[in-house]
Amino acid sequence: MATSTLKKRITMAIVAPALALGATVGLASAPASAAVWSSCDQWGSTTLNGYTLYNNIWGSGAGSQCIWANSGTNWGVNANHPNTGGIKSYPNAKKVINKSITSLGSLSSSYNVTVPSSGAYNTSYDIWDTNYDYEIMLWVNKTGAVGPLGTSQGTLTLGGHTWTVYKGNNGANDVFSFVRTSNSSSGTVNILPILKWIKDTKGWFGNVTIGDLQFGFEITSSSGGLDFTVNSESVSSS
C-alpha cells in the first residue's frame, strides 16, 4: 500500500481523464476472444449489470494494461508492468452499497479468480466509507514482494476466513488491511461481521456509511504481460 493509495480508489469518480496524466501507458492488445467491452485507456471505465469496471492505471512508472469484460462480474486484464517497486494499477469492479453499518442486515461477496504464479500483486476487496476517511482491504491472495500498510494487530478468524490484521494511515485516510493467512482463488467472504468488528470491538470508526465496494487486482509488477481473470464475482447486501 503506497501513501498515494487514495488516488487509485476514487480517481474515476472525481478526476477527468484529460487531467489524469500520472502514469505512462504504452500500447497493449485487447484479449483475443471477443468481449462485451474492452479498453486499453489508462482510466477506461464502463458500467455493466450494476458494476462499474475501471482499468485504473494510477501508479508512477506503469507499463501497459488492457481490461476486458463479458459482464460486471466476469472480466480481466492483461498487464505488462515493469519489475519495479510501487503499485502500478488497481483494475477493479465496483458495487455501490450506500448503507450505514447498523442499517445493513447482511453484506457478503463470492469470488472466483485465475491469477498468475509470477509477478507481484494482491487480489483484494477495497471497501470505502462515503467520506473516504476509512479504507478496509481484504486480501484473499498475494504473490511476490507486496505487503499491507501499517503494523500487525494479530490474527483473527472472521467472515469465513483467517486473517492477519494491519492498521495504518497513508496520510489521507486510515487503512485497515485483512490479509488472508493462506492464498485462496475462490470463496465467499461475510463482510458485515468484519465491519462490525472494526466498529464495535476495536472502535476504529463509528457507524459509517459504506459506499464503494471494489474487487480487483492491486498490481505492482507483471513484466512480460500477465493475465488476471475474475471468472465470477457477486456482491449481495440487505
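The structure presented is a predicted model; accordingly, all values stated were derived computationally and were not measured.

Caption draft 1: Just the state of the cysteines, in detail. Inspection of every chain in the model, using the stated rule, returns one disulfide. Two residues share a disulfide in this structure: C40 and C66, whose sulfurs sit 1.9 Å from each other. Across the S-S bond linking C40 and C66, the dihedral sits near 105°, which makes this disulfide right-handed. Here C40, found in the loop between strand 1 (37-39) and strand 2 (45-48), pairs with C66, found in strand 4 (residues 64-71); they are 26 residues apart in sequence, far enough to count as distant. Overall, the relative accessible area of 25% leaves C40 in the partly exposed class.

Caption draft 2: Structural view of the sheet that holds strand 6 (residues 92-100). An order of 2-3-6-14-8-9-12-11-10 is seen for the nine strands of this open sheet, with the pairing classed as mixed. The open sheet has two edge strands, strand 2 and strand 10 (151-158), and neither has a second partner. Neighbouring strand axes in the sheet, compared pairwise and without regard to direction, differ in orientation by 25° on average. When strand 8 (residues 120-129) meets strand 14 (residues 209-221), the two strands line up antiparallel, connected through nine bridges. Paired with Y125 across the strands is F215, a residue of strand 14.

Caption draft 3: Spotlight on unusual backbone geometry. Phi is positive for N49, which is not a glycine, with a value near 40°. Among the secondary structure elements, N49 is positioned in the loop between strand 2 and strand 3 (51-54). The phi dihedral of N56 falls on the positive side, at around 55°, and the residue is not glycine. For N56, a relative accessible area of 1% translates into the label buried.

Caption draft 4: Broad picture of the nonpolar core. Grouped together as the largest cluster of nonpolar side chains are 47 residues, with contacts concentrated most on W75, L107, I136, L138, F178 and I198. Broken down by element, the residue count for this core peaks at six residues, all from helix 2 (residues 191-202). With sequence-adjacent residues up to four places away left out, F178 is seen in contact with I136, M137, L138, W139, L156, W163, T164, V165, I194, W197 and I198. In this structure, A120, M137, V146 and V179 belong to the second largest nonpolar core, which totals five residues.

Reading the values: rules and limits
- Residues numbered from 1 in each chain as written.
- Predicted model: local features only at pLDDT ≥ 70, side-chain atom pairs only at ≥ 80, totals over all residues.
- Heavy atoms only, no water.
- Disulfide = S-S within 2.5 Å.
- Helix = DSSP H or I, 4+ residues; strand = E, 2+ residues; numbered from the N terminus.
- Buried < 20%, exposed > 50% of the residue type's maximum accessible area, 1.4 Å probe, protein only.
- Pairing = 2+ DSSP bridges.
- Axes fitted to C-alpha atoms, helices over the stretch in contact; angles between N-to-C directions.
- Core = buried A, V, L, I, M, F, W, Y, C linked by side-chain atoms within 4.5 Å.
- Contact = heavy atoms within 4.5 Å.

So far we have only geometry, and geometry alone does not tell us how the molecule works.
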